[in-house]
Amino acid sequence: MQKCQAQSIIPHRSYRRLKISKAYFLTEVAFYVLLSVGTVYFYITYLFNQYVFYFKNILQDLHVDVSTTAIDIAGFPVMLLDSAFAHSQPLTLFFLLVGMIVLFFVLKMQRVIPYNIAMWINFFLLMFMVILLYFLFWGDHFPYSFVSYFELYLTALIGMMLFSFIITGLAIALTPAPYWMKLTTFFIMVFYYVGYSLVRYGLAVLLTSQVSIVMAPIMFFTLYFDFIFFVSIYSYFLYRSALLLKKKDTLWKW
């Protein structure tokens, strides 16, 4: 009879149980929540207002007609840039719509770009075409002024920011990774997103006031794609923490 040899195996992750101290977990979650609230508070009470005044001076130096106006968000006075939407000629919108329809079918039939990437591009083209149709036939009924649109934009941005910071912090707290890795990931995410949101606000002002009002709904819907950013950050965090935890795996033997 052949002798059975010992075999070393690593237990599958589905058989592992995480031991998380409730006290440490709740303390960590409370820290992330306080940090998230503090960051958003600093953003709407100081950082955003300073950026608006800075960006206003740049635009005025470029001879762009722009002013500032104060609005109220959650009881805090927030400054916004005030200008006017740039309206495109219907003929321009029509030719742009025709070009997008042609591009849609070209991407559908071509074999150079991978199919999944081409379909994602077509998805955005469809969204853009719907917006073009709206402004082509019902553009006069756009219900927002420049200030009211950006008030809605900023309110959605702040809500998205606070929600995403807290949810991501909660997800990070549940992961058995080193604290230095958790804090590094969270701070990088916060600093990058805050800076990115300021740049995107400036870009939205320029596109809607200097290019076309068509960019207004497009820039607003980009807020909802921020979930891709937070999921990407968290996925990479899980990948790096998994590499560290893999080194701590203990071998089982039959």
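This report concerns the structure included in the present document. No experiment lies behind these values; they were computed from the predicted model shown.

1. Observations regarding the packing of aromatic side chains
Using the criterion set out here, one finds 42 aromatic pairs in the structure. Summarising the aromatic geometry, the rings of Y193 and Y196 are spaced 6.4 Å apart at their centres and angled 50° between planes, so their arrangement reads as tilted. Of this pair, Y193 and Y196 both sit in helix α5 (residues 179–211), separated by three residues, roughly a single helical turn.

2. Concerning the pairing of strand β3 (residues 76–82)
Residues in a regular strand point their side chains to alternate faces of the sheet. One ladder, built from seven bridges, connects strand β2 (residues 67–73) with β3; its direction is antiparallel. Across the sheet, the residue bridging to S67 is D82, located in β3. Hairpin connection of β2 to β3: two residues between the antiparallel strands, including A74 at a positive phi of 55°.

3. What about the environment of L103?
Looking at where L103 falls in the secondary structure, it is placed in helix α2 (residues 90–109). C-alpha separation for the pair L103 and L125, spaced 22 residues apart in sequence, amounts to 8.5 Å. Excluding residues within four positions of it along the chain, L103 makes contact with N122 and L125.

4. Observations concerning a nonpolar patch on the surface
Side chains of L91, F94, F95, V98, V102, L103 and V106 sit close together on the surface and give an oily, nonpolar patch of about 630 Å² of accessible area. Mapped onto the elements, V106 comes out in helix α2. We classify V106 as partly exposed; its relative accessible area is 44%.

5. Regarding the packing of helix α1 (residues 22–61) against α5
It is the contact of α1 with α5, at a shortest axis distance of 10 Å, that shows an interaxial angle of 25°. The angle between the axes of α1 and α5 places the two elements in the roughly parallel class. Viewed along their axes, α1 and α5 form a crossing whose handedness is right-handed. Residues belonging to the contact of α1 with α5 are distributed by class as follows: 22 nonpolar, four polar and two charged.

6. Let's talk about the pattern of salt bridges
All chains considered together, the criterion is met by two salt bridges. The residue K182 makes a salt bridge to E28 at a minimum N-O spacing of 3.3 Å. One end of the pair, K182, is in helix α5; the other, E28, is in helix α1, with 154 residues separating them in the sequence. Of the two residues, K182 and E28, both sit in the buried class. Of the charged contacts in the structure, one is a salt bridge between D226 and R200, with a shortest N-O distance of 2.8 Å. Within this pair, whereas D226 is found in helix α7 (residues 226–246), its partner R200 is found in helix α5, the two being separated by 26 residues in sequence. Using a relative accessible area of 5% as the deciding quantity, one classes R200 as buried.

7. Thoughts on the side chain of S241
Residue placement: S241 occurs in helix α7. The buried category is assigned to S241, whose relative accessible area is 2%. Within the structure, the side chain of S241 is placed 2.9 Å from the backbone oxygen of L238, a separation counted as a polar contact. When neighbours within four sequence positions are excluded, S241 is seen to be in contact with T175, A177 and M181.

8. Focus on α7
Spanning 21 residues, α7 covers 30 Å between terminal C-alpha atoms, matching the ideal 30 Å at 1.5 Å per step. Looking only at α7, the buried set comprises D226, F229, F230, F237 and S241. Looking straight down α7, one finds that the buried residues subtend no more than 95° of arc, so they occupy a single side. Exposed residues on α7 whose side chains face more than 90 degrees from its buried face are V231, Y236 and K246. Turning to α7, the residues buried within the fold contact α4 (146–173) and α5.

9. Some words on the nonpolar core
By size, the foremost hydrophobic cluster in this structure holds 69 residues, and its most contacted members are F48, F150, Y153, F165 and Y201. Residues in contact with F165, not counting those within four places in the same chain, are S36, T39, V40, F186, M189, V190, Y193, V194 and F230.

The rules behind the values
Residue indices follow the written sequence of each chain, beginning from 1 at its first position. Totals for whole chains, interfaces and linings use every residue, but because this is a predicted model, local features are given only for residues with pLDDT of at least 70 and side-chain atom pairs only at 80 or more, for both listing and counting. Water and hydrogen atoms were dropped before computing side-chain values, which therefore reflect all heavy atoms in the structure. Only Phe, Tyr and Trp rings are paired, with Trp represented by its six-membered ring, and only when their centres lie within 6.5 Å; those with planes under 30 degrees apart are stacked, over 60 edge-to-face, the remainder tilted. Elements are defined by DSSP. Helices are runs of H or I of four residues or more, strands are runs of E of two residues or more, and each kind is numbered from the N terminus. When DSSP locates at least two bridges between a pair of strands, those strands are taken to pair. The criterion used for residue contact is that any of the two residues' heavy atoms lie within 4.5 Å. Each patch is built from residues lacking any salt bridge and having more than 30% relative accessible area; the joining distance is 9 Å for like charges and 5 Å for nonpolar side chains (Val, Leu, Ile, Met, Phe, Trp, Tyr). The Shrake-Rupley method, run with a 1.4 Å probe sphere, supplies the accessible areas, and residue values consider only the shown protein chains as cover. By convention in these notes, a salt bridge is any Lys or Arg side-chain nitrogen within 4 Å of a carboxyl oxygen on Asp or Glu. Only protein chains enter the accessibility calculation, which uses a 1.4 Å probe. A residue is then buried if its area is under 20% of the maximum for its type, exposed if over 50%, and partly exposed in between. Angular values range over 0 to 180 degrees, each being the angle between N-to-C directions of two axes fitted as lines to C-alpha atoms, with helices fitted over their stretch in contact. With respect to orientation, any angle under 35 degrees is reported as roughly parallel, any angle over 145 as roughly antiparallel, any angle of 65 to 115 as roughly perpendicular, and every other angle as oblique. If you view the pair so one helix is near and one far, a crossing is left-handed when the near helix is turned anticlockwise from the far one by less than a right angle, and right-handed when it is turned clockwise. Note that Gly is not counted as nonpolar here; it falls among the polar residues with everything else outside the nonpolar set of Ala, Val, Leu, Ile, Met, Phe, Trp, Tyr, Cys and Pro and the charged set of Asp, Glu, Lys and Arg. Identification of polar contacts relies on pairs of N or O atoms within 3.5 Å, with a donor-acceptor requirement for protein atoms, meaning one able to donate a hydrogen and the other able to accept it, and with residues adjacent in sequence counted only if both atoms are side-chain atoms. To estimate the expected span of a helix, count its residues, drop one, and scale the result by 1.5 Å. When we speak of the arc, we mean the arc of directions from the helix axis to the C-beta atoms. Throughout this description, the term nonpolar core refers to a set of buried Ala, Val, Leu, Ile, Met, Phe, Trp, Tyr and Cys residues connected via side-chain atoms within 4.5 Å.

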